[in-house]
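Descriptive structure summary
What follows is the residue order along each chain.
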Amino acid sequence: MQNFNYHQHTYRCGHADLNMTDEDYIQEYVKMGFKQIAFTDHCPEKNRIDKRQNMRMEYQEKDDYLNSIKYLKEKYADKIKIESGYEIEYLPGEEENLRELKDETDKIILGQHFVYDDNKNLKIICLNRTQKFTDIELNRYAEYIVKAMEFDIIDIVAHPDIFMYARNEFGNIERKISNMICKSAEKYNIPLEINLNDIFKNTYYENRKINNLPIEQQRNKLRNVIYPCKEFWEVVSNYNIKVLYGIDVHHRGQIQLFNELVQMANEVIGSKTIAKLNLIEKEI
Ligand SMILES: [Zn+2]
Ligand SMILES: [Zn+2]
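Everything numeric in this text was worked out from a predicted model, so none of it was measured. (Residues numbered from 1 in each chain as written. Chains lettered and ligands numbered in written order. Predicted model: local features only at pLDDT ≥ 70, side-chain atom pairs only at ≥ 80, totals over all residues. Heavy atoms only, no water.)

Turning our eyes to something else, we now look at the overall build of the protein chain. Looking only at helices and strands, one finds 11 helices and 12 strands in the protein chain. Here the C-alpha atoms of the protein chain give a radius of gyration of 18 Å, agreeing with the 19 Å that 2.2 N^0.38 yields for 284 residues. For the protein chain, the spread of C-alpha atoms along the three principal axes comes to 50 × 45 × 35 Å. Expressed as a percentage of its 284 residues, the buried residues of the protein chain come to 57%. Residue pairs at least 24 apart in sequence account for 74% of intrachain contacts in the protein chain once pairs closer than 6 positions are excluded. Looking at the protein chain, you have 40 positive and 47 negative side-chain charges, and the mean spots of the two groups are 3 Å apart. (Helix = DSSP H or I, 4+ residues; strand = E, 2+ residues; numbered from the N terminus. Rg over C-alpha atoms; globule rule 2.2 N^0.38 Å. Buried < 20%, exposed > 50% of the residue type's maximum accessible area, 1.4 Å probe, protein only. Contact = heavy atoms within 4.5 Å. Lys, Arg positive; Asp, Glu negative; His and termini not counted. Charge placed at Lys NZ, Arg CZ, Asp CG, Glu CD.)

Here we take up the coordination of the zinc ion (ligand 2). All of the protein donors around the zinc ion (ligand 2) are His 7 (NE2), His 9 (NE2), Glu 87 (OE) and Asp 248 (OD); their distances to the metal are 1.9 to 2.4 Å. Between the four donor atoms coordinating the zinc ion (ligand 2), the angles at the centre fall across 79 to 166 degrees, so the site counts as irregular. In primary-sequence terms, the residues that donate to the zinc ion (ligand 2) follow H-x1-H-x77-E-x160-D. Metal-to-metal, the separation of the zinc ion (ligand 2) and the zinc ion (ligand 1) is 4.5 Å. (Donors = N, O, S within 2.8 Å, 3.2 Å for Na, K, Ca; no water. Tetrahedral: all angles 85-135°; square planar, octahedral: opposite > 155°, others 65-115°.)

Moving on, we come to the environment of Glu 61. Residue placement: Glu 61 occurs in the loop between strand 3 (41-42) and helix 2 (62-75). The spatial distance from the C-alpha of Glu 61 to the C-alpha of Cys 13 is 9.9 Å, given a sequence separation of 48 residues. A polar atom in the side chain of Glu 61 sits 2.7 Å from the backbone nitrogen of Glu 58. (Polar contact = N/O pair within 3.5 Å; in protein donor to acceptor, adjacent residues only side chain to side chain.)

Bringing helix 5 (residues 172-188) into the picture now. When the terminal C-alpha atoms of helix 5 are compared, their 25 Å separation across 17 residues agrees well with the 24 Å that a helix rising 1.5 Å per residue should span. Among all positions in helix 5, only Glu 174, Ile 177, Ser 178, Ile 181, Cys 182, Ser 184 and Ala 185 are buried. What you see down the axis of helix 5 is that its buried residues fit within an arc of 165 degrees, all on one side. Turned more than 90 degrees from where helix 5 packs its buried face, Asn 172, Lys 183 and Lys 187 sit exposed. Contacts from the buried residues of helix 5 go to helix 4 (135-150), strand 10 (192-195) and helix 8 (230-236). (Expected span 1.5 Å × (residues − 1). Arc of directions from axis to C-beta.)

Bound to the zinc ion (ligand 1) are the protein donor atoms His 15 (NE2), His 42 (NE2) and His 250 (NE2), situated 2.0 to 2.1 Å from the metal. The motif formed by the donor residues of the zinc ion (ligand 1), counted along the single chain, is H-x26-H-x207-H.

Per the counting criterion, the structure on display carries 22 salt bridges. Between Glu 58 and Arg 48 there is a salt bridge, with the nearest N and O atoms lying 3.9 Å from each other. One end of the pair, Glu 58, is in the loop between strand 3 and helix 2; the other, Arg 48, is in the loop between strand 3 and helix 2, and 10 residues separate them in sequence. Judged by relative accessible area, Arg 48 falls into the partly exposed class, the value being 38%. Two residues, Asp 118 and Arg 140, come together in a salt bridge whose shortest N-O distance is 2.8 Å. (Salt bridge = Lys/Arg side-chain N within 4 Å of Asp/Glu carboxyl O.)

Here we come to the pairing of strand 10. Where burial is concerned, the two faces of strand 10 agree: the one with Leu 192 and Ile 194 and the one with Glu 193 and Asn 195 are both buried. Strand direction decides the pairing type here: strand 10 and strand 11 (residues 242-246), joined by four bridges, are parallel. For Ile 194, the partnering residue across the bridge sits in strand 11 and is Tyr 245. (Pairing = 2+ DSSP bridges.)

None of the figures reported here should be taken as evidence of function without further support.
Encoded structure:
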């Protein structure tokens, strides 16, 4: 079983558990036997482009964030390897600002939550499924991911299949852009993440409160899960791409439920595809 996680948020983004300190999370990881983790909170923006509230830390909070990680890194050195990082979005014109974030941290994960529309407004992938991408915007989504890989600013692509929140079904265009993403991931040797957050939010955290129902009773809620998207991972399985799980932690319970969430992700994707995927066992 994977004993590392490179997708960890903090209270600073405004939508993770506000009562959890950075150290609280580390203690939970140590209890669960994890050997390496990276804090990859939603990055601050030097040019404020994403105007939503409670999505990411302010630019002034950056130093506190990095200092806290540095402190924990040393304090827990004999128990768990701790790295710094950010979850970023790629946008054309922001390359230099993104490179700055990369240069000051250990790991950058790409969580592409939006693209520019034709009028250079942000078209956001909304998790209430209200806003859909046009074919052009979907194509742009894949282009941005490819660009981020080409520019050498990312270590992992988080939830590459999140675009399904902005589409109604997995058809030819979805298949085409999935292949675009996979071709580049293979070429640049960048791992893709099977993200466990949508499963958590549809099962144990349904209605925004952790329930303790047994896994058998969680399973029938999996039909509402949008990612991982079975068809997307079938495409991935035809390539030589490294794959890893990302817990996308915003709550303590996600760390505690890691094994159950992985089990359900494998069930969503299907055992045949899982067997073909190149799931990495060693830390990167
Ligand atoms: Zn988040
Ligand atoms: Zn995340």
